[in-house]
2 protein chains.
Amino acid sequence: MKKIIVLVAPGFEEIEFSAPVDILRRLELDVVTAGVLGREVEGAHGVIVRADTTLAEVDLAGADALVLPGGPGSWVMRDTPAVIAKIQEAHAAGKLVAAICAAPLALGKAGILTGKKASAYPDPSVLDELKEEGVKVMADQVTVDGNIVTANGPAAALAFGYTLGECLGKAAEVVELKKAMVYA
Amino acid sequence: MKKIIVLVAPGFEEIEFSAPVDILRRLELDVVTAGVLGREVEGAHGVIVRADTTLAEVDLAGADALVLPGGPGSWVMRDTPAVIAKIQEAHAAGKLVAAICAAPLALGKAGILTGKKASAYPDPSVLDELKEEGVKVMADQVTVDGNIVTANGPAAALAFGYTLGECLGKAAEVVELKKAMVYA
C-alpha cells in the first residue's frame, strides 16, 4: 500500500487539508498526517486537529508522497528548514511532492519548482515570489509536472485530491470515487 | 454577529464538516462546533478534531442556525435523542436548520422535512428512508426550502457553505468570498 505524508502546519487551510486526506484514505492509501511544529494543530479558521505524528517523527524514507496543504501555514512551512529539507529529500528520491494554494511557496523555496509549471493561489504576493524562483505559473486548478502536483486554492481541493490518487496508481478507483462523492 | 452551531458526531465526513465551518468563519460569522458525544471526535477518515464545546453544553437559544455534516456520523445523530430534540427546538424557533449528505436523515427523524423539498446522499438506503418521511427528494446539489438547507454529498460541501452564508444575510460577501477561494 502506498504511503502519503500530509504536513499539518499552524494556520493550515482546513478544506485543503481535509479533502486530500479524506480522498486518499477513501482510495485505501496509507495516509499519515504529520504536525510540523507539534501534534495538535489549529487551522486558519479555528479547527483544531490532532495529527497522527509529527514531522520530527515521520518516516519519509518509507513514503511515496509528501503533500502540503495551503493557508497561512504555507509560510510556516516555507520558513521551517526541516520542511524544506523533507521536500528536497522527497523530490531527490523521486517521490510525488504536492502543494496547494500558497504552499507551492515552500516547494519554490526548496528549489524544486525552478523551470517547472505549477498552479498556485492567484495573489500577487504568491505569484511574484514563485516567478522569482523561475516557476511557470499556470491558470489551471491543478497542474502536474513530472512528480510535482500543485493546485490553486480551496475550491480546487477535491480536484487536487483526485489528481493525487491518479498519480498514485488509483485512476480507475478515482472514477468510481467521484461518483460516490457526488462529484460532477 | 449571527451564531451557527455545527454538530460533530463520531464518523463525521471531514470535507462536509470543514467546508461550512471554514466558509462561515471566513464570512465573520460566529461558528461554534459542538461534539455530539464528546469534544474530541474522530471523522469517517481518521481525522481527529477537538470541538469547541459539546452538544450538552451548547447554547442553542442564542444561535441562529444548526448545521449537521454528513458521513457515518449521520446515523449517530439520527439515533441520538438529544440531537433530534435540538433539531426540533431550532426549527420550532424559526432558526435555519441545515444538513448534508446522509445527515438529512436526522432532520427526517425529527419530523421537520415532511412535505418539504430536500437534497440528500443519492443512496437508496438514504432516499427510501426520507421518502417514507414524506420528503420530496431533489436532484440538486443544494436545496433551500424555507428555513431548511440540505445538500447531497461531499462534493457539494462548498456550495452548501456558500448557501448557508447567503441564507444568513451574507450574500454580497459570498460573491467576494467565492473569488477569494478561487471557486469557479
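Residues numbered from 1 in each chain as written. Chains lettered and ligands numbered in written order. Predicted model: local features only at pLDDT ≥ 70, side-chain atom pairs only at ≥ 80, totals over all residues. Heavy atoms only, no water.

1. Quick notes on the overall build of chain A
At step 1: Within chain A, the secondary structure is distributed over seven helices and eleven strands.
At step 2: Dimensions of chain A, computed from C-alpha atoms along their principal axes, come out at roughly 40 × 35 × 35 Å.
At step 3: In chain A, the proportion of contacts linking residues at least 24 apart, taken out of those at least 6 apart, comes to 65%.
At step 4: Accessible surface, chain A: about 6,600 Å² in total, of which carbon and sulfur atoms supply 51%.
At step 5: Within chain A, the 24 negative side-chain charges are centred at a point lying 5 Å from the centre of the 17 positive side-chain charges. (Helix = DSSP H or I, 4+ residues; strand = E, 2+ residues; numbered from the N terminus. Contact = heavy atoms within 4.5 Å. Areas by Shrake-Rupley, 256 points an atom, 1.4 Å probe, with all protein chains shown as cover. Lys, Arg positive; Asp, Glu negative; His and termini not counted. Charge placed at Lys NZ, Arg CZ, Asp CG, Glu CD.)

2. Overview of the confidence of the model for chain A
At step 1: Per-residue confidence for chain A averages 98 on the pLDDT scale, and 100% of its residues sit at or above 70.
At step 2: As scored by the predictor, the complex reaches a pTM of 0.98 and an ipTM of 0.97. (pLDDT = per-residue confidence, 0-100.)

3. Some thoughts on helix α1 (residues 14-26) of chain A
Residue and element names in this part refer to chain A.
At step 1: The end-to-end C-alpha separation of α1 is 18 Å, in line with the 18 Å expected for 13 residues at 1.5 Å each.
At step 2: With respect to burial, α1 is a largely interior element, twelve of its 13 residues being buried.
At step 3: Listed as buried for α1 are Glu-14, Ile-15, Glu-16, Phe-17, Ser-18, Ala-19, Pro-20, Val-21, Asp-22, Ile-23, Leu-24 and Arg-25.
At step 4: For α1, the capping residue at the N-terminal end is Glu-13, with a side-chain oxygen 2.9 Å from the backbone nitrogen of Ile-15.
At step 5: Two residues or fewer past α1, Glu-28 is found with a positive phi of approximately 60°. (Expected span 1.5 Å × (residues − 1). Buried < 20%, exposed > 50% of the residue type's maximum accessible area, 1.4 Å probe, protein only. Polar contact = N/O pair within 3.5 Å; in protein donor to acceptor, adjacent residues only side chain to side chain.)

4. With respect to the pairing of strand β11 (residues 148-151) of chain A
All names here are of chain A.
At step 1: Alternating residues of β11 divide into Ile-148 and Thr-150 and Val-149 and Ala-151, and every residue in both groups is buried.
At step 2: One ladder, built from four bridges, connects strand β7 (residues 96-100) with β11; its direction is parallel. Paired with Ile-100 across the two strands is Ala-151, which belongs to β11.
At step 3: Judged from the four bridges that link them, strand β10 (residues 142-145) and β11 form a sheet pairing that is antiparallel. By the bridge assignment for β11, Val-144 is matched with Val-149. (Pairing = 2+ DSSP bridges.)

5. Details of the packing of aromatic side chains
When we look at a pair of aromatic rings, we describe it by the centre distance and by the angle of the planes.
All names here are of chain B.
At step 1: Evaluation of the coordinates by the stated rule reveals four aromatic pairs over all chains.
At step 2: Ring geometry for Tyr-162 against Tyr-183: centres 4.8 Å apart, planes inclined by 70°, an arrangement best described as edge-to-face. Taken together, the positions of Tyr-162 in helix α6 (residues 157-167) and Tyr-183 in the segment after α7 (171-180) put the pair 21 residues apart, joining distant regions of the chain. (Phe/Tyr/Trp six-rings, centres within 6.5 Å; stacked < 30°, edge-to-face > 60°.)

6. Here's the deal with helix α3 (residues 81-92) of chain B
Residues and elements named next belong to chain B.
At step 1: Taking 1.5 Å of rise per residue, the twelve residues of α3 would be expected to cover 16 Å, and the 16 Å separating its terminal C-alpha atoms lies within 8% of that figure.
At step 2: Taken together, the buried positions of α3 are occupied by Val-83, Ile-84, Lys-86, Ile-87 and Ala-90. Buried residues of α3, viewed axially, fall in a sector of 160°; they line one side. Of the residues in α3, the exposed ones pointing more than 90 degrees away from the buried face are Pro-81 and Ala-92.
At step 3: Residues of α3 that are buried make contact with β1 (3-8), β6 (65-68), α2 (73-78), β7 (96-100) and α4 (104-109).
At step 4: Where α3 ends, the next residue or the one after it, Gly-94, has phi of about 80°, a positive value. (Arc of directions from axis to C-beta.)

7. Digging into the relation of the copies chain B and chain A
At step 1: Overlay of chain B on chain A (RMSD 0.0 Å): rotation 180°, translation along the axis 0.0 Å. Expressed as a symmetry operation, the mapping of one chain copy onto the other fits a two-fold axis. Within chain B, B:Val49 has its C-alpha nearest the rotation axis, a separation of 2.2 Å.
At step 2: Most of the interface of chain B is mirrored in chain A, where 100% of its interface residues are also at the interface. (Least-squares fit on C-alpha atoms with pLDDT ≥ 70 in both.)

8. Looking at the interface of chain B and chain A
At step 1: Facing the 28 residues of chain B at the interface are 28 residues of chain A.
At step 2: Carbon and sulfur atoms supply 59% of the area buried between chain B and chain A, which totals about 2,600 Å² over both sides.
At step 3: Applying the counting rule to chain B against chain A returns four salt bridges.
At step 4: Here A:Glu40 and B:Arg50 are joined by a salt bridge, their closest N and O atoms 2.7 Å apart.
At step 5: At the surface where chain B touches chain A, the tally comes to 17 residue pairs in polar contact (both at pLDDT 80 or more).
At step 6: Of all the secondary-structure elements, those providing two or more residues to the side of chain B that touches chain A are α1 (14-26) and β4 (48-50) of chain B. (Buried area = accessible area lost by both parts, 1.4 Å probe. Salt bridge = Lys/Arg side-chain N within 4 Å of Asp/Glu carboxyl O.)

9. Observations concerning the nonpolar core
At step 1: Counting residues in hydrophobic clusters, the biggest one holds 77 residues, and the most contacted among them are A:Ile4 and B:Ile4.
At step 2: Not counting residues up to four positions away in its chain, the partners in contact with B:Ile4 are B:Leu24, B:Leu29, B:Asp30, B:Val31, B:Val32, B:Ala65, B:Val67 and B:Leu168. (Core = buried A, V, L, I, M, F, W, Y, C linked by side-chain atoms within 4.5 Å.)

10. Quick word on the packing of α6(B) against α7(B)
All names here are of chain B.
At step 1: α7 packs onto α6 with a crossing angle of 150° between their chain directions and a minimal axis gap of 7 Å. In terms of orientation, α6 lies roughly antiparallel with respect to α7. The interaxial crossing formed by α6 with α7 has right-handed handedness. For the pair formed by α6 and α7, the contact residues are Tyr-162, Gly-165 and Glu-166 on the first element and Ala-171, Val-174, Leu-177 and Lys-178 on the second.
At step 2: Its residues assigned to classes, the contact of α6 with α7 shows four nonpolar, one polar and two charged. (Axes fitted to C-alpha atoms, helices over the stretch in contact; angles between N-to-C directions. Parallel < 35°, antiparallel > 145°, perpendicular 65-115°, else oblique. Left-handed = near helix turned anticlockwise from the far one by under 90°. Nonpolar A, V, L, I, M, F, W, Y, C, P; charged D, E, K, R; others polar.)

11. Let's talk about the pairing of strand β6 (residues 65-68) of chain A
Residue and element names in this part refer to chain A.
At step 1: Along β6, one buried face is formed by Ala-65 and Val-67 and the opposite face, lined by Leu-66 and Leu-68, is buried too.
At step 2: Sheet topology places strand β1 (residues 3-8) next to β6; three bridges connect them, and they run parallel. Following the sheet pairing, Ile-4 is matched in β6 by Ala-65.
At step 3: Bridge count between β6 and β7: four bridges; the pairing is parallel.

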